[in-house]
Amino acid sequence: QVQLVESGGGLVQDGGSLRLSCTASGLTFSNYIMGWFRQAPGKEREFVAGITRSGGTTYYTDSVKGRFTISRDNAKNTVYLQMNSLKTEDTAVYYCAADQYYRVMTSPREYDYWGQGTQVTVSS
């Protein structure tokens, strides 16, 4: 049974930082592209960042470039999202997802497995 478990969300002030973690089990982690998505109330789920199987290449949506960093530790079956200079518009539920395709995709429909999500709230 595949499980993805996110942690690290919380309440932070504008300009603050958080680090999200997502630990996977039940799959060969190094065989999967990993992505972070987010969903704000009343909005569609959107791609935030993705990382290739080896961790050698990363992708970001434009609104988080220079502020967020995705990384992975295949020995720990864990992917991270370091979020700096947080803004109120970053408030959302953040999800990690796993995809066995060979390259990073930005559509949520392409991903095979999902975590339960972790709330990130940025206050002004």
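Up top is the structure.
The following paragraphs examine the structure supplied in this document. (Residues numbered from 1 in each chain as written. Predicted model: local features only at pLDDT ≥ 70, side-chain atom pairs only at ≥ 80, totals over all residues. Heavy atoms only, no water.)

Quick word on the pairing of strand β9 (residues 92-99)
With seven of eight residues buried, β9 lies mostly within the body of the structure. Here strand β4 (residues 33-39) runs beside β9; their pairing, made up of seven bridges, is antiparallel. Of the residues in β9, the one forming a bridge with isoleucine 33 is aspartate 99. Bridging between β9 and strand β11 (residues 118-123) involves three bridges; their strand directions are antiparallel. Bridge pairing in β11 places valine 93 opposite glutamine 119. The pairing of β9 with strand β10 (residues 113-114) spans two bridges and is antiparallel. Note that in β10 the partner of alanine 98 across the bridge is tyrosine 113. (Buried < 20%, exposed > 50% of the residue type's maximum accessible area, 1.4 Å probe, protein only. Helix = DSSP H or I, 4+ residues; strand = E, 2+ residues; numbered from the N terminus. Pairing = 2+ DSSP bridges.)

Here we look at the pattern of salt bridges
Across all of its chains, the model carries four salt bridges by this definition. Residues arginine 38 and glutamate 46 are paired through a salt bridge, measuring 2.6 Å at the closest nitrogen-oxygen approach. Under the relative-accessibility criterion, arginine 38 is labelled buried at 5%. Look at glutamate 46 and you get partly exposed, because its relative accessible area is 34%. A salt bridge links arginine 67 to aspartate 90, with the nearest nitrogen and oxygen atoms 2.8 Å apart. Here arginine 67 is found in the loop between β6 (58-60) and β7 (68-73), whereas its partner aspartate 90 is found in the loop between β8 (78-83) and β9, with 23 residues between them in sequence. (Salt bridge = Lys/Arg side-chain N within 4 Å of Asp/Glu carboxyl O.)

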